Amino acid sequence: LFIWIAFASLTIFFTAKTKARISAIPGYFIGIFCAIGIIYLGNLIYEYIPLSINNQSMTSFIATSLIVSILMVCYEFKLLNFTSISSVFIGIWLIFSGLGANMYPNSLQDTLIIIFIILLYSLIGLIAGALSMLLYKLTSKFLDKK
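This one's a predicted model, so the numbers in the text were calculated from it and none came from an experiment. (Residues numbered from 1 in each chain as written. Predicted model: local features only at pLDDT ≥ 70, side-chain atom pairs only at ≥ 80, totals over all residues. Heavy atoms only, no water.)

A. Inspection of the overall build of the chain at higher detail. If you tally the helices and strands in the chain, you get 6 helices and 2 strands. Scanning the chain from its N terminus toward the C terminus, one meets helices and strands in the order α-α-α-β-β-α-α-α. With respect to the three principal axes, the spread of C-alpha positions in the chain is 70 × 35 × 30 Å. Across the 146 residues that make up the chain, the buried fraction comes to 35%. For the chain, the accessible surface area stands at approximately 9,400 Å², while carbon and sulfur atoms represent 71% of it. Averaged over its 8 positive side-chain charges, the chain has a centre that lies 24 Å from the centre of its 4 negative ones. (Helix = DSSP H or I, 4+ residues; strand = E, 2+ residues; numbered from the N terminus. Buried < 20%, exposed > 50% of the residue type's maximum accessible area, 1.4 Å probe, protein only. Areas by Shrake-Rupley, 256 points an atom, 1.4 Å probe, with all protein chains shown as cover. Lys, Arg positive; Asp, Glu negative; His and termini not counted. Charge placed at Lys NZ, Arg CZ, Asp CG, Glu CD.)

Have a look at this one:
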């Protein structure tokens, strides 16, 4: 059921250069913690300002704007040179997409399980990308000889 995580990670492999592929894992961690921060900050803001439209909390939008703005400032000041910004946003997306599978970071244990699942399948995706590239190179050399 979580193969979509591996597929998202696979896109990082094929759209990034070698250094960005390797630095994707720290980016996932940063994205994961940013997403969890967005969830908790959105809930915190909602306690004081219960802003909603059609029974949908708008405080998540405020929290997302704040955290992503901070993230982009860090990126602009080159504080995230050790990772790729695309992997950070993939990490955020992976947490948010887990919400659709009822994976909420409500406790430390739930959060650690979510992080483990995401990192495991992300690693599988990166390995699948490397293996498919290796298979491509091997088959292209074989076909070139014929």
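B. Representation of the environment of Pro 50. Secondary-structure assignment places Pro 50 in the loop between α3 (24-48) and β1 (52-53). Pro 50 gets classed as exposed once you look at its relative accessible area, which sits at 55%.

C. Representation of unusual backbone geometry. Despite not being glycine, Asn 54 shows a phi value in the positive range, around 55 degrees. Mapped onto the fold, Asn 54 is located in the loop between β1 and β2 (56-57). The exposed category is assigned to Asn 54, whose relative accessible area is 73%. Positioned with a positive phi, Asn 55 is a non-glycine residue whose angle comes to about 60 degrees. Structurally, Asn 55 is set in the loop between β1 and β2. Residue classification places Asn 55 among the exposed residues on the basis of a relative accessible area of 75%.

D. Summary view of the packing of aromatic side chains. Per the counting criterion, the structure on display carries 1 aromatic pair. Summarising the aromatic geometry, the rings of Phe 29 and Phe 33 are spaced 6.5 Å apart at their centres and angled 15 degrees between planes, so their arrangement reads as stacked. Here Phe 29 and its partner Phe 33 are both found in helix α3, 4 residues apart, which amounts to about one turn of the helix. For Phe 29, a relative accessible area of 33% corresponds to the partly exposed category. (Phe/Tyr/Trp six-rings, centres within 6.5 Å; stacked < 30°, edge-to-face > 60°.)

E. Molecular detail of the side chain of Thr 59. Within the element layout of this structure, Thr 59 appears in helix α4 (residues 59-76). Using a relative accessible area of 0% as the deciding quantity, one classes Thr 59 as buried. Non-local contacts of Thr 59, meaning those with residues more than four positions away in its chain, are made with Gly 42, Ile 45, Tyr 46, Ile 49 and Leu 51. (Contact = heavy atoms within 4.5 Å.)

F. Representation of the side chain of Ser 122 in the model. Following the sequence through the fold, Ser 122 ends up in helix α6 (residues 108-145). For Ser 122, a relative accessible area of 0% corresponds to the buried category. At 2.7 Å, the side chain of Ser 122 forms a polar contact with the backbone oxygen of Ile 118. Sequence-distant contacts of Ser 122, defined by excluding residues within four places in its chain, comprise Ile 5, Ser 9, Tyr 28 and Leu 94. (Polar contact = N/O pair within 3.5 Å; in protein donor to acceptor, adjacent residues only side chain to side chain.)

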